[in-house]
Amino acid sequence: MGRRAAWHAALIAASVVLLGPVVLAVLASFKTPSSLFEANPLPVHPTLGNYTAAVARFPLGRLLVNTAVTSAGVMLAQLVVAVPAAYGVVRFSGRAGRLVLAAGSLSVVVPVQAYLVPQFLMVSELGWQNTFAGMIVPQLSGAGIALLLLHQHLRAIPPSLGEAAALDGASSLQTLWYVVLPLLRPTLVAVGILVFITTWNEYLWPLLSAPGLGTVQTGLALFGNTEGANPGPLLAAATLATLPVLAGYVVAARRVTNAFMHAGLH
Amino acid sequence: MRDRLYLVPFGAAMLIWVYGPLVATVVISFLTWDLSSGPQEFAGAANYRALLGDADFGTAAGQTVLYAAGLLVTSIVLPLYLAVALWRRPGRAAFVYRCLLFVPMVLAPVATAISWQFVLNPLVGILGFRNWLGDPSTALATIVVITSGKLIALNTLLLSAALTSVDGDTVEAARIDGASEGRITRRIVVPQVGRTLVLLGMLTVVYAGQWSFTNIAVLTQGGPSHSTDNVYYRLYTYGFQYFDLGGASAGSVLVVCALAIPLAVGAVVRRG
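Residues numbered from 1 in each chain as written. Chains lettered and ligands numbered in written order. Predicted model: local features only at pLDDT ≥ 70, side-chain atom pairs only at ≥ 80, totals over all residues. Heavy atoms only, no water.

**A look at the overall build of chain B**
Alright, step 1. Within chain B one finds 11 helices and 2 strands.
Alright, step 2. When the helices and strands of chain B are placed in sequence order, the string is α-β-β-α-α-α-α-α-α-α-α-α-α.
Alright, step 3. Dimensions of chain B along its principal axes, counting C-alpha atoms only, are 75 × 70 × 30 Å.
Alright, step 4. Within chain B, buried positions represent 54% of all 272 residues.
Alright, step 5. Once local pairs closer than 6 in sequence are excluded, the contacts in chain B between residues at least 24 apart make up 69%.
Alright, step 6. The averaged location of the 13 negative side-chain charges in chain B is 10 Å from the averaged location of its 17 positive side-chain charges. (Helix = DSSP H or I, 4+ residues; strand = E, 2+ residues; numbered from the N terminus. Buried < 20%, exposed > 50% of the residue type's maximum accessible area, 1.4 Å probe, protein only. Contact = heavy atoms within 4.5 Å. Lys, Arg positive; Asp, Glu negative; His and termini not counted. Charge placed at Lys NZ, Arg CZ, Asp CG, Glu CD.)

**Remarks on the pattern of salt bridges**
For side chains bearing opposite charge, pairing can occur when the charged atoms are close.
Residues and elements named next belong to chain B.
Alright, step 1. Using the criterion set out here, one finds 3 salt bridges over all chains in the structure.
Alright, step 2. For the salt bridge of arginine 130 with aspartate 135, the shortest nitrogen-to-oxygen distance reads 3.3 Å.
Alright, step 3. On the basis of relative accessible area, arginine 130 is assigned to the partly exposed category, the value being 33%.
Alright, step 4. The salt bridge involving arginine 234 is made with aspartate 229; its shortest N-O contact spans 2.6 Å. The pair formed by arginine 234 and aspartate 229 is uniform in burial state, with each residue classed as buried. (Salt bridge = Lys/Arg side-chain N within 4 Å of Asp/Glu carboxyl O.)

**Concerning a nonpolar patch on the surface**
Alright, step 1. A cluster of nonpolar side chains, contributed by Val26, Phe30 and Phe42 of chain B, occupies part of the molecular surface with about 300 Å² of accessible area.
Alright, step 2. Relative to the elements of secondary structure, valine 26 of chain B occurs in helix α1 (residues 8-28). (Patch = residues over 30% accessible without salt bridge, like charges linked within 9 Å, V, L, I, M, F, W, Y side chains within 5 Å. Areas by Shrake-Rupley, 256 points an atom, 1.4 Å probe, with all protein chains shown as cover.)

**Re the packing of aromatic side chains**
Alright, step 1. Inspection of every chain in the model, using the stated rule, returns 15 aromatic pairs over all chains.
Alright, step 2. Judged by centre distance (4.9 Å) and plane angle (35 degrees), the ring pair of phenylalanine 58 of chain A and phenylalanine 223 of chain A falls under tilted. Within this pair, whereas phenylalanine 58 of chain A is found in the loop between α2 (49-57) and α3 (60-91), its partner phenylalanine 223 of chain A is found in helix α11 (residues 216-226), the two being separated by 165 residues in sequence.
Alright, step 3. By relative accessible area, which is 3% here, phenylalanine 58 of chain A ends up buried.
Alright, step 4. Its relative accessible area of 5% is what places phenylalanine 223 of chain A among the buried residues.
Alright, step 5. Ring geometry for phenylalanine 30 of chain B and tyrosine 48 of chain B: centres 5.4 Å apart, planes at 45 degrees, overall tilted. You can see phenylalanine 30 of chain B sitting in the loop between α1 and β1 (31-34) and its partner tyrosine 48 of chain B sitting in helix α2 (residues 46-52), a full 18 residues away along the chain.
Alright, step 6. With relative accessibility at 13%, the residue tyrosine 48 of chain B sits in the buried group.
Alright, step 7. Above the plane of the ring of tryptophan 132 of chain B lies arginine 130 of chain B, whose end atom (NZ or CZ) is 5.7 Å from the centre. (Phe/Tyr/Trp six-rings, centres within 6.5 Å; stacked < 30°, edge-to-face > 60°. Lys NZ or Arg CZ within 6 Å of the ring centre and 35° of its normal.)

**A short note on helix α4 (residues 95-109) of chain A**
Alright, step 1. Taking 1.5 Å per residue as the helical rise, α4 of chain A with its 15 residues ought to reach 21 Å, and the 22 Å between its terminal C-alpha atoms agrees with that figure.
Alright, step 2. Where α4 of chain A is buried, its residues touch α3 and α7 (143-155) of chain A together with α1, α9 (194-220) and α11 (245-271) of chain B. (Expected span 1.5 Å × (residues − 1).)

**Some words on the nonpolar core**
Alright, step 1. In this structure, Leu147, Leu150, Leu220 and Tyr249 of chain A together with Phe10 and Phe213 of chain B are the most contacted members of the largest nonpolar core, which totals 166 residues.
Alright, step 2. Those residues in contact with phenylalanine 213 of chain B that sit more than four places away from it in its chain are Gln113, Tyr203 and Leu204 of chain A together with Tyr232, Tyr233 and Tyr236 of chain B. (Core = buried A, V, L, I, M, F, W, Y, C linked by side-chain atoms within 4.5 Å.)

**What about the interface of chain A and chain B?**
Alright, step 1. At the interface, 86 residues of chain A touch 86 residues of chain B.
Alright, step 2. When chain A packs against chain B, the two sides together hide about 7,600 Å² of surface, and 79% of this comes from carbon and sulfur.
Alright, step 3. Summed over the shared surface of chain A and chain B, the result is 0 salt bridges.
Alright, step 4. Our count for the chain A to chain B interface comes out at 13 residue pairs in polar contact (both at pLDDT 80 or more).
Alright, step 5. Per element, the largest residue contribution to the side of chain A that touches chain B is 16 residues, and it comes from helix α1 (residues 2-28) of chain A. (Buried area = accessible area lost by both parts, 1.4 Å probe. Polar contact = N/O pair within 3.5 Å; in protein donor to acceptor, adjacent residues only side chain to side chain.)

**Concerning unusual backbone geometry**
Alright, step 1. Its identity is not glycine, yet asparagine 130 of chain A carries a phi of approximately 60 degrees, on the positive side.
Alright, step 2. Inspection of the secondary structure puts asparagine 130 of chain A in the loop between α5 (116-125) and α6 (132-136).
Alright, step 3. The residue histidine 226 of chain B is not glycine, and still its phi comes out positive at about 65 degrees.
Alright, step 4. Tracing the backbone shows histidine 226 of chain B in the loop between α9 and α10 (231-240).
Alright, step 5. A relative accessible area of 31% means that histidine 226 of chain B is categorised as partly exposed.

**Quick look at the confidence of the model for chain B**
Residue and element names in this part refer to chain B.
Alright, step 1. For chain B, per-residue confidence averages 87 on the pLDDT scale, and residues scoring 70 or more make up 99% of the total.
Alright, step 2. Averaged pLDDT values for the elements of chain B fall to 77 in strand β2 (residues 38-42) and rise to 95 in α1.
Alright, step 3. In the predicted complex, the global pTM is 0.88; the interface-specific ipTM is 0.87. (pLDDT = per-residue confidence, 0-100.)

**Looking at the UniProt feature "transmembrane region" (unreviewed entry) in chain A**
Residues and elements named next belong to chain A.
Alright, step 1. Look at the UniProt record and you will see "transmembrane region" (unreviewed entry) annotated at residues 63-87, 99-116, 128-150, 176-197 and 234-252.
Alright, step 2. Helix makes up 100% of residues 63-87 and strand 0%, and the two end C-alpha atoms of the span are 36 Å apart.
Alright, step 3. Strand forms 0% of residues 176-197 and helix 100%; the C-alpha atoms that close the span are 27 Å apart. (UniProt positions renumbered as here; feature names shortened; annotations may be inferred.)

**So, the environment of glycine 224 of chain A**
Alright, step 1. With respect to the helices and strands, the residue glycine 224 of chain A is situated in helix α11.
Alright, step 2. Each C-alpha atom, one on glycine 224 of chain A and one on threonine 131 of chain A, is 24 Å from the other, the two residues being 93 residues apart in sequence.

**Quick look at the environment of valine 166 of chain B**
Residue and element names in this part refer to chain B.
Alright, step 1. Counting through the fold element by element, valine 166 comes out in the loop between α6 (139-163) and α7 (168-176).
Alright, step 2. Accessibility expressed as a relative area gives 8% for valine 166, which makes it buried.
Alright, step 3. Between the C-alpha atom of valine 166 and that of isoleucine 184, which follows or precedes it by 18 residues, the distance is 12 Å.
Alright, step 4. Other than its neighbours up to four places away in sequence, valine 166 contacts Trp87, Val171, Val189 and Gln192.

**Some thoughts on the packing of α1 of chain B against α11 of chain B**
If you want to describe how two helices pack, look at the angle between their axes and the distance between the axes.
All names here are of chain B.
Alright, step 1. Closest axis-to-axis distance for the α1/α11 pair is 7 Å, and the angle between their directions is 115 degrees. The chirality of how α1 crosses α11 is left-handed. Contacts from Thr25, Val26 and Ile28 of α1 reach α11 at Leu245, Gly246, Ser249, Ser252 and Val253.
Alright, step 2. For the contact of α1 with α11, the class distribution of residues is 4 nonpolar, 4 polar and no charged. (Axes fitted to C-alpha atoms, helices over the stretch in contact; angles between N-to-C directions. Left-handed = near helix turned anticlockwise from the far one by under 90°. Nonpolar A, V, L, I, M, F, W, Y, C, P; charged D, E, K, R; others polar.)

**Focus: the UniProt feature "domain: ABC transmembrane type-1" (unreviewed entry) in chain B**
Alright, step 1. Within the UniProt annotation, "domain: ABC transmembrane type-1" (unreviewed entry) is assigned to residues 61-266 of chain B.
Alright, step 2. Overall, residues 61-266 of chain B shows 78% helix and 0% strand. The separation of its end C-alpha atoms is 21 Å.

In structure tokens:
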């Protein structure tokens, strides 16, 4: 009994420390301005006043749409390049495949700051500043992690399945489409969600490439600079900005954590 | 031959958006290039000399090491403890905790930073009995703590994944032989995830600077008096506030060279 209680206590403590400030901020977003900094974390007279103020002064709807379009775009773009590559590496193991896999792995540990300036210059040269193309396409640089995760899972699919399909006269493309992709679907969903969340939370690249369009993250940071004495509406806006991803995670928590659990990044 | 076509889109994406720009960074680091006034000319090693003579860059470099060291402590030791705790008692509760501990990973970093700002608000915040972010002696440590949430989440999950491969029979045999749980953990479980720990160390060193970036940008802008600056934030300042692209690129080259050292050491340790 004692050990069991200690186990729960340790894990609950860790969860509280990690999530405490966020929970306090969410609770505070329902408080009235005068009670905002009271020691009692619970809103005694709950109000939606901060939310109406946030929606009135913060272009949340527009920013949510921008962020959703960008995140979906990056997710699709990364999967479109990473899925065939992972398939090619596994099915036709050759020097080219190994080179592509190595290039993808190495890109994961290169800090973005190392290629930020040229990416920025390329985007302005292409006239892509403040466009979705400018926000989405350069983020293909993050496709390495998608390739690694997909490759780990594809390796686990028995090659005999592909060989059987080939004997039946299927081309490699047909095998990919009709045999491999359906088997890979849970992984595709998990990797897709992961890329979506990562892009949703990206701050630096949208700030540089499309300050005029803006995303939830850059908008929040800007809103934070202009709000002074009463942080209530800011906390409400932060809560609203986090809600969609959090909801997505709650729905797909098992898949997202499993994608990592079985990724075998070790 | 045609089968290599599968590799082309990904390979092209990497060339165009990662490796091409990396080479361009090296080239630009030898140019004088002011974003606002244009024409670039060859500058030799002038950008590098300017950087190495810049006390602020030196401060930022030293503090980047402090960030990495701080994050290594919070996000290797604690996740190892949490992952072992979860591994020891699998089941529904462990699953719930694992999902809960992963939440910081999906929370918007700007929103998290704003939450901390609220809690740490000097005088009126719940932890505001001290001016954590306004005092140069505590500001960096505070940013480390705020940033570690994300790393703890990721590392706990990756360690949990590694622990699934620990051989249950060996553990059972040790238990029958009367080994204590603590001894089993130290002698059997932890050594099995050694490779993963090295990988996490490498990832932590790489991401320490990047993931602290948003917190620095939102909470302190490198201050007070440069005490929370690191090279990533400094390079951003050079490039996109002073518009000195040559200087920012030279700094990037130095950072990549410096990062290559711990990564190479890690790779050798993992292989050996």
